[in-house]
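# Per-entry structural report
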Amino acid sequence: MDFRLTEEEQAIQAAARELARKEFAPHAAEYDRTHQFPRRNFDLLAQGGYLGMTLPARYGGGEAGYLSYTLCVEAFSQACATTGVIFEVHNSLHSEAVFNHGTEEQRERFLPPLCRGERLGAYALTEPNAGSDAAAIAATASRVDGGWRLNGRKVFITNGGEADEYLVYASSDSSRGSRGITCFIVPKEAPGISFGPPLEKLGIRASATTDVILEDVFVPDDRVLGTVHEGYKIALRTLHSGRIGIAAQAVGILQASLDNAARYTLQRETFGKKIADHQMIQWHLAEMATELEAARLLLYRAAWMHGEGIRATKEISMAKLFASRVAVEGTLRGVQILGGYGYMSEYPQERLMRDAKITEIYEGTSEIQRLVVARALLEGYRGNDS
Ligand SMILES: Cc1cc2nc3c(=O)[nH]c(=O)nc-3n(C[C@H](O)[C@H](O)[C@H](O)COP(=O)(O)OP(=O)(O)OC[C@H]3O[C@@H](n4cnc5c(N)ncnc54)[C@H](O)[C@@H]3O)c2cc1C
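Only a predicted model underlies this, so the values are computations on that prediction, with no experimental measurement involved. (Residues numbered from 1 in each chain as written. Predicted model: local features only at pLDDT ≥ 70, side-chain atom pairs only at ≥ 80, totals over all residues. Heavy atoms only, no water.)

Both strand β2 (residues 140–144) and strand β3 (residues 147–158) contribute to a ladder of 5 bridges, which runs antiparallel. The residue of β3 that forms the bridge with Val144 is Gly147. Between β2 and the antiparallel strand that follows it, β3, lie 2 residues; Gly146 among them carries a positive phi value of about 80°. Two strands pair when backbone bridges link them, and β3 and strand β7 (residues 209–220) are joined in this way by 9 bridges, in the antiparallel orientation. In the sheet register, Gly152 faces β7, and the bridge partner there is Leu214. (Pairing = 2+ DSSP bridges. Helix = DSSP H or I, 4+ residues; strand = E, 2+ residues; numbered from the N terminus.)

Here it is, written out as structure tokens:
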């Protein structure tokens, strides 16, 4: 087994780290403070060829492997977790879904502007009464001449109001439950679509999380993604790969926390020596570093399997479950290592701690990841019994 990255993966990782270090990291605290959507960072991602980077070149993509993309989410999130999620939603939850489920005409029409950064993508599944239980969505799609009319309210939508294209999931036949959901590509310009104000959040504060309100929005047939009534499968399949991105975000945040905390221990002195020389501080660092490496290994395996087309439902959920947990625990340790300074906004540790928490919630909470892992695990045991 060879754990080394290929030359191409190393080159992509180095370039992403450089962009993140030079352009994203210096502004992360400011975006966190002002809650200003970092449009500048999105434009830099477009210029660098990172948007749609796994897609074929004929649609404007970069033809990079899935592991390379994962390395980029990690690098960008290490510098600025807000930028990490904007990038992840645009690529995994929107562009990749259009590629996987779109017709040739839709791919040619929608993907090039997404890859060039002229259009920003979003994913609108969650509703006030349908989060983990996504099949319970109440937004409706009624058949009309030449298309569909959408009504309903989506909540907590990343890139809300800032995005130009929304993958909206709505019930096209309520008698069929999850088998009666259809996915629509709805443009920001569609009459009847509106957005709530950006919600105030604990972390990833500049990522623009809003409600998306749909009032008699007409969507023509050529903006239906995939087969009518089969949108729920698209929603789940898309989240499946999106979870790799969130695990990568968690790993990036934890790496930033370890770097900051370790450097601090070599400067701060108490009782006549550097705090790095106190055994209990070393213990914290050792735990953080070990958990980080374990999370990274789970993540890279899941990303590699996904890229190779190997079924990885369990491995992806394990990676997200573990990486998000150790990111939350590790960033708390980071705050502890800095003592009172860790609690102050002047240092990045408290922001990292706030940013880490969301990785346990979106794209499937940790409880839902445990359900997925347990289901897959027990399937295997049941298979062995028979
Ligand atoms: C900042 C942010 C950005 C987001 N971005 C998007 C986005 O871009 N697009 C989008 O569609 N959604 C988005 N979401 C929504 C997110 O995916 C949901 O919040 C998440 O799936 C949980 O749903 P919920 O909030 O309704 O919680 P609920 O489903 O109500 O869950 C509440 C609690 O119950 C637990 N629980 C629920 N069901 C079970 C069960 N069967 N077994 C055990 N425990 C269970 C949950 O784990 C949780 O702890 C975002 C959310 C946030 C906070």
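Structurally, the position occupied by Thr210 is in strand β7. Since its relative accessible area comes to 1%, Thr210 is described here as buried. Beyond its immediate stretch of four places on either side in the chain, Thr210 contacts Lys154, Val155, Phe156, Ile157, Gly160, Gly161, Phe195, Gly196, Pro197, Pro198 and Leu199. (Buried < 20%, exposed > 50% of the residue type's maximum accessible area, 1.4 Å probe, protein only. Contact = heavy atoms within 4.5 Å.)

A word on the environment of Leu321. Along the chain, Leu321 falls in helix α9 (residues 313–338). Look at Leu321 and you get buried, because its relative accessible area is 13%. Excluding anything up to four places from it in sequence, Leu321 contacts Ser366, Gln369 and Arg370.

So, on to the domain arrangement of the protein chain. Domains assigned within the protein chain are domain 1 (7–120), domain 2 (122–232) and domain 3 (233–380). Summarising the inter-unit geometry, the C-alpha centres of domain 1 and domain 2 are found 22 Å apart. At the junction of the two partners, domain 1 supplies 25 residues and domain 2 supplies 24 residues. Taking both partners together, domain 1 and domain 2 bury about 2200 Å²; carbon and sulfur atoms supply 56% of that area. Counting the surface domain 1 buries against domain 2, the share from its top three residues, His35, Arg119 and Leu120, is 26%. Inspection of the domain 1/domain 2 interface yields 5 salt bridges. (Domains from an automatic or database assignment. Buried area = accessible area lost by both parts, 1.4 Å probe. Salt bridge = Lys/Arg side-chain N within 4 Å of Asp/Glu carboxyl O.)

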